[in-house]
Amino acid sequence: MAAVYSLYIINKSGGLIFYKDYGSAGRMDTNDTLRLASLWHSMHAISQQLSPVSGCSGIELLQADTFDLHCFQSLTGTKFFVVCEPGTLHMESLLKHIYELYTDYVLKNPFYEMEMPIRCELFDINLAQAVQKDRVALLGR
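In the annotation of an unreviewed UniProt entry, the protein chain is listed under the name Trafficking protein particle complex subunit and assigned to Rehmannia glutinosa. We quote the UniProt Subunit (unreviewed entry) comment for the protein chain here in full: "Part of the multisubunit transport protein particle (TRAPP) complex." Heading Sequence similarities (unreviewed entry) of the UniProt record for the protein chain holds this comment: "Belongs to the TRAPP small subunits family. TRAPPC4 subfamily."

Visitor: It is not clear to me how the packing of aromatic side chains should be interpreted in this structure. Could you clarify?
Guide: The geometry of an aromatic ring pair is captured by the separation of the ring centres together with the interplanar angle, meaning the angle of the planes. Going through the model one piece at a time under the given rule, you end up with nine aromatic pairs. For the pair Trp40 and Phe81, a centre-to-centre distance of 5.6 Å together with 40° between the ring planes defines the contact as tilted. Remark: Phe81 occurs in strand S5 (residues 79-84) and Trp40 occurs in helix H1 (residues 30-50); sequence separation between them is 41 residues. Members of the aromatic cluster, connected to one another through ring pairs, are Tyr8, Tyr19, Trp40 and Phe81.

Visitor: I would appreciate a short explanation of the nonpolar core in the present structure.
Guide: Across soluble globular proteins, you tend to see nonpolar side chains buried next to one another. Formed by 24 residues in total, the largest nonpolar core has its most connected members in Tyr102, Ile118, Phe123 and Leu127. Of all the secondary structure elements, the ones that give two or more residues to this core are strand S1 (4-10), strand S2 (16-21), S5, helix H2 (91-107) and helix H3 (121-139). The element contributing the most residues to this core is H2, with seven residues. Dropping the residues within four chain positions of it, Phe123 is found in contact with Ile9, Phe18, Ile98, Leu101, Tyr102, Tyr105, Val106 and Ile118. Among the nonpolar cores identified, the runner-up in size contains 10 residues, and Tyr8, Ala37, Cys71 and Val83 belong to it.

Visitor: Where do I start with the pairing of strand S4 (residues 68-73) in this structure?
Guide: Where a strand is regular, its side chains alternate between the two sheet faces. Among the six residues that make up S4, five are buried, leaving the element largely enclosed by the rest of the structure. By the bridge criterion, three bridges tie strand S3 (residues 61-63) to S4 in an arrangement that is antiparallel. When the sheet's bridge partners are listed, Gln63 is paired in S4 with Asp68. Where S3 hands over to S4, the hairpin turn is made up of four residues, counted between the paired strands. Hairpin geometry of S4 and S5 is characterised by an intervening segment of five residues between the two adjacent antiparallel strands and by a positive phi of about 95° at Gly77.

Visitor: Can you help me understand unusual backbone geometry in this one?
Guide: Backbone geometry follows two general trends: most residues other than glycine have a negative phi, and most peptide bonds adopt the trans configuration. Of note, the phi angle at His90 is positive, near 65°, even though the residue is not glycine. Residue placement: His90 occurs in the loop between S5 and H2. Taking the relative accessible area as the measure of exposure, His90 reaches 42% and is therefore partly exposed. Even without glycine at this site, Glu115 takes up a positive phi of about 70°. When you line up the elements, Glu115 lands in the loop between H2 and H3.

About the criteria used
Residues numbered from 1 in each chain as written. Predicted model: local features only at pLDDT ≥ 70, side-chain atom pairs only at ≥ 80, totals over all residues. Heavy atoms only, no water. UniProt positions renumbered as here; feature names shortened; annotations may be inferred. Phe/Tyr/Trp six-rings, centres within 6.5 Å; stacked < 30°, edge-to-face > 60°. Helix = DSSP H or I, 4+ residues; strand = E, 2+ residues; numbered from the N terminus. Core = buried A, V, L, I, M, F, W, Y, C linked by side-chain atoms within 4.5 Å. Buried < 20%, exposed > 50% of the residue type's maximum accessible area, 1.4 Å probe, protein only. Contact = heavy atoms within 4.5 Å. Pairing = 2+ DSSP bridges.

See the structure below:
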């Protein structure tokens, strides 16, 4: 069973710019993934405003019975979130690594237009390697 079920990248406007499914049991169609990304963007923004803690950056972890949702927001407002098995550790470091891959292979790509869907082969290849490496590390624990 895979530790990471799926990965989403949402631009600062709340639009889904990248989605990758890693073999989750309940596959979603395109409309459902767009709805989930939009819903998460809205919940994240509302949580920042309603938090009693000043300087709150929003929801970082949502735990449910069947999955955990870990979120990382960059300084530019781009959100990276993974849906994974409950209790999976070190997802924050994986998300930060994915952000590094995003900055190296997507943002530095001269053909990429900001806020548009990500279509970058080098990003896809390195992302697959990072997720696979994370799975191997989890099996070794």
